[in-house]
Amino acid sequence: MKIYLDGNLVEKEDAKISVFDHGLLYGDGIFEGIRAYNGRVFRLKEHLDRLWDSAKAINLTIPIDKKEMEKAVIKTFLANKFSEAYMRLVVTRGCGNLGLDPGNCVMPSVIIIADSISLYSEELYNNGMEIVSVSIRRIRQDSLSPNTKSLNYLNNILAKIQATRSGVMEAIMLNSEGYVVECTGDNIFLVKDDILYTPSPSDGALAGITRGAAIEIAKNKLKIPVKEERISTYDVYTADECFLTGTAAEIIPVVIADSRQIGDGKPGETTLKLIKEFRSLVRLTGTPIR
Ligand code: PXG
């Protein structure tokens, strides 16, 4: 496996960064999870735009430009001889001293890893998964914007631990006002009376790339209205269908939430149509890797 590290492709064993990197010391840095299918990188421009937005939000200057990053992504992908991959882009604040001040950090590090990922079993895609609401709230906009994909994911990790400790694989995260915002690494959608609902980024949901693709497919292909509005756990329990979206998870049906069966307890018709269209979209679109 070859890893891109600050301009060079290095072996996995040599892909090391300093213990003084503030990415490690403080979670000071940003990341993106990107996927390539069928020799094409899905929504690369959107992922890079979001990475640059995260950098802006935490006052970090990425040491290369978007065009160079795009080339680095493709180079890393090619070096690993994959046709499909899950790629992780990380930009750390870089090496500094033991103080918090990022002003001491010399140069941000850029890391690109190409690997595979399979979060959930095929059985869950066919039969649907269970989710549970947890007491850990999604971080408030006035603490650290939840739209920043920072290296500090402890908020989501604590929610994930709470869910897995209760025997459920994914957590429903509420914001500090008690509204449903998303899961730990996925956006959430509901279908009720042939309308698709999903929480809005202004309520704390990440503007997910897969979320965006699902909204587009629903509006343009399935011709169903989409509403980005506040949803509560009541709305989840009483929905006809529920599903999650994320780069790693893709689109996965949810059939139980907090022990309530959703709809008839099977993946819904709209969810299944969205999965089918999404799978075709990812294979046919995206930046070709050459
Ligand atoms: N919400 C959050 C908080 C995320 O981190 C998503 C939604 C989905 O967004 P995209 O753009 O991927 O459709 C994410 C991204 C994991 C994992 O292991 C998931 C993400 C990042 C890192 C790891 O599930 N999700």
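Further remarks concern empty space enclosed by the protein. Under the counting rule described, the total for this entry stands at one cavity of 30 Å³ or more. Estimates place the volume of the largest cavity at around 50 Å³. If you trace the largest cavity, you find it lined by Arg 35, Tyr 37, Phe 42, His 47, Ile 209, Thr 210, Gly 246, Thr 247, Glu 250 and Phe 278. Looking at the lining of the largest cavity, the elements that each hand over two or more residues are strand E3 (29–37) and helix H6 (209–221).

Here the focus is the layout of surface pockets. Its boundaries defined by the atoms lining it, the largest pocket holds a volume of some 610 Å³. Contributing to the lining of the largest pocket are 33 residues, with Phe 31, Tyr 86, Lys 149, Tyr 153 and Gly 185 lying nearest its centre. Looking at the lining of the largest pocket, the elements that each hand over two or more residues are E3, strand E5 (85–92), helix H5 (154–165), H6 and strand E13 (241–246). Considered class by class, the residues forming the lining of the largest pocket number 13 nonpolar, eleven polar and nine charged. Of the volumes computed, that of the second largest pocket is approximately 200 Å³. A class-by-class count of the residues in the lining of the second largest pocket yields three nonpolar, four polar and five charged.

Taken together, 20 residues form the shell around the ligand, and within it Tyr 153, Glu 182, Ile 209, Thr 210 and Thr 247 come nearest. Side-chain polar atom of Arg 50 to an oxygen atom of the ligand: 2.9 Å apart, as the coordinates give it. Within the backbone of Ile 209, one N or O atom sits 2.7 Å away from an oxygen atom of the ligand. Judged by its atoms lying within 2 Å of the grid points, the ligand is housed in the largest pocket. At the level of elements, H6 and E13 are the ones that each hand at least two residues to the shell around the ligand. A per-class count over the shell around the ligand returns five nonpolar, nine polar and six charged.

Strand direction decides the pairing type here: strand E1 (residues 2–5) and strand E2 (residues 8–11), joined by four bridges, are antiparallel. What sits directly across from Ile 3, in E2, is Val 10. What sits between E1 and E2 in their antiparallel hairpin is a turn of two residues, with Asp 6 showing a positive phi close to 50 degrees. Here E1 pairs with strand E6 (residues 109–115) via two bridges, running antiparallel.

To continue, consider the pairing of strand E10 (residues 187–192). Among the six residues that make up E10, five are buried, leaving the element largely enclosed by the rest of the structure. As paired strands, E10 and E13 are joined by five bridges and run antiparallel to one another. Its bridge partner being in E13, Asn 187 is matched across the sheet by Thr 245. For E10 and strand E11 (residues 195–198), the ladder comprises three bridges, and the chain directions are antiparallel. Paired with Val 191 across the two strands is Leu 196, which belongs to E11. From the end of E10 to the start of E11, which pair antiparallel, there are two residues, and Asp 193 there has a positive phi angle of about 50 degrees.

With 16 residues, helix H8 (residues 269–284) extends 23 Å between its outermost C-alpha atoms, agreeing within 8% with the 22 Å of an ideal straight helix rising 1.5 Å per residue. Those residues of H8 that fall on the buried side of the exposure criterion are Thr 270, Thr 271, Leu 274, Ile 275, Phe 278, Leu 281 and Val 282. Mapping the buried residues of H8 onto a view down its axis gives an arc of 135 degrees, with all of them on the same face. Across H8 from its buried face, at more than 90 degrees, point the exposed residues Glu 269, Lys 276 and Leu 284. Residues of H8 that are buried make contact with E3, E10, E11, H6, E13 and strand E14 (250–257).

So, about H6. Across its 13 residues, H6 extends 17 Å between first and last C-alpha, which sits within 8% of the 18 Å expected from 1.5 Å per residue. What H6 keeps buried is the set Ile 209, Thr 210, Arg 211, Ala 213, Ala 214, Ile 215, Ile 217 and Ala 218. Just beyond H6, the residue with positive phi is Lys 223, at close to 55 degrees.

Cut-offs used in this document
- Residues numbered from 1 in each chain as written.
- Predicted model: local features only at pLDDT ≥ 70, side-chain atom pairs only at ≥ 80, totals over all residues.
- Heavy atoms only, no water.
- 1 Å grid on protein atoms, 1.4 Å probe; cavity = no way out; pocket = protein on both sides within 12 Å on 5 of 7 lines; lining within 4 Å.
- Points joined across faces, edges and corners; volume = space filled by probe spheres on them.
- Helix = DSSP H or I, 4+ residues; strand = E, 2+ residues; numbered from the N terminus.
- Nonpolar A, V, L, I, M, F, W, Y, C, P; charged D, E, K, R; others polar.
- Near = heavy atom within 4 Å.
- Polar contact = N/O pair within 3.5 Å; in protein donor to acceptor, adjacent residues only side chain to side chain.
- Sits in = over half its atoms within 2 Å of the grid points.
- Pairing = 2+ DSSP bridges.
- Buried < 20%, exposed > 50% of the residue type's maximum accessible area, 1.4 Å probe, protein only.
- Expected span 1.5 Å × (residues − 1).
- Arc of directions from axis to C-beta.
- Contact = heavy atoms within 4.5 Å.

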